[in-house]
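Inside the fold
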Amino acid sequence: MAPPRRALRLAPSLLSADFGALAQAVHEAEGAGADAFHLDVMDGHFVPNLSFGPALVQAVRAATARPLDIHLMVQHPQKYLKIFREAGGDTLVVHAEAEGEPRTLLREIRDLGAEAGVALRPDTPLDRIDGVLGELDQLLIMSVFPGFSGQGFRPEVLPKARRGRRRLDELGSRADLSMDGGLTPETIRDAAGAGATFFVCGNSVFAGGDVADNLARLRRAAAEGALHEVF
């Protein structure tokens, strides 16, 4: 029998928020029921873009008590684990395609007192991390190529997400299956139907409309998808 899963959770991606009023965006999303906040850290090498550093993570930490999910899109994640944990990260997610042995990185993250996750690009097969699946707190299946917000959801990753969910269940793991990229009320339904439990949502939360209404629509759609999970 598969272990009980974590509750469905929505994590607004602050890369899509108004940087000029970031604390206000955090407070608004928290008041609307955001379960966590997702922060993308980019080094300009692993992906061709630069983004949040530890000072910004500290500022977000000061603005909310919600968990901070730190997505390390960096070539050498080991150099940054302690820095972003001390800045306030609760979960540190490293990429399977980056430098470093995943098992060592996961152990170091846990030794820092954080939850540990591994992310896979859309073109990286699940078996790349088969040996450490049972050691994860989060398996992040990217539904866009990392580096830029506003991309469209890639439905071809859904079979990989389903396989990931099956493998986690077979291992007796309660790890979150997370999906990140292009999640809208339509695509989040498919992600939940593939077994996802943690949803990173950017433009669909912050780009136009009311944040509370946007989050409510996303949560309803995710719940509907979970009821019709397909393997």
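See the structure above.
As the structure is a prediction and not an experimental result, all values here were calculated from the model. (Residues numbered from 1 in each chain as written. Predicted model: local features only at pLDDT ≥ 70, side-chain atom pairs only at ≥ 80, totals over all residues. Heavy atoms only, no water.)

In this section: the side chain of H38. Its place among the elements puts H38 in strand β2 (residues 37–42). Take H38: its relative accessible area is 0%, and that puts it in the buried class. Polar side-chain contacts of H38 include one of 2.9 Å to the side chain of D40. With residues near it in sequence (within four places) discarded, H38 still touches A11, P12, S13, L14, D69, H71, D180 and V200. (Helix = DSSP H or I, 4+ residues; strand = E, 2+ residues; numbered from the N terminus. Buried < 20%, exposed > 50% of the residue type's maximum accessible area, 1.4 Å probe, protein only. Polar contact = N/O pair within 3.5 Å; in protein donor to acceptor, adjacent residues only side chain to side chain. Contact = heavy atoms within 4.5 Å.)

Below, the discussion takes up the environment of E186. Counting through the fold element by element, E186 comes out in the loop between β7 (176–180) and α6 (187–193). Along the backbone, E186 and A221 are 35 residues apart, and their C-alpha atoms lie at a distance of 7.1 Å.

A word on helix α1 (residues 22–31). Where α1 is concerned, the buried positions are L22, A25, V26 and A29. Buried residues of α1 fall within an arc of 100° about the axis and therefore sit on the same side. For α1, the exposed residues set more than 90 degrees away from the buried face come down to Q24 and G31. (Arc of directions from axis to C-beta.)

Now for the sheet that holds strand β6 (residues 138–142). What the eight strands build is an open sheet, ordered β1-β8-β7-β6-β5-β4-β3-β2; its pairing is parallel. In this open sheet, the two strands that pair with only one neighbour each are β1 (9–12) and β2. Direction aside, neighbouring strands of the sheet carry axes that sit 25° apart on average. By the bridge criterion, four bridges tie β1 to strand β8 (residues 198–201) in an arrangement that is parallel. Residue A11 lies in a different strand from β8, and its bridge partner there is V200. Helix-sheet contacts for helix α2 (residues 54–63) involve β2 and β3 (68–73), and the interaxial angle to β3 is about 165°. Where helix α4 (residues 102–111) meets the sheet, its contacts fall on β4 (91–95) and β5 (115–120), and the angle it forms with β5 comes to roughly 145°. (Pairing = 2+ DSSP bridges. Axes fitted to C-alpha atoms, helices over the stretch in contact; angles between N-to-C directions.)

Bringing helix α8 (residues 211–227) into the picture now. With 17 residues, α8 should cover 24 Å at 1.5 Å per step; its first-to-last C-alpha distance of 25 Å lies within 8% of that length. Among all positions in α8, only V211, N214, L215, L218, A221, A222 and G225 are buried. Buried residues of α8, viewed axially, fall in a sector of 130°; they line one side. Those residues of α8 hidden inside the fold are in contact with β1, α1, α6, β8 and α7 (203–206). (Expected span 1.5 Å × (residues − 1).)

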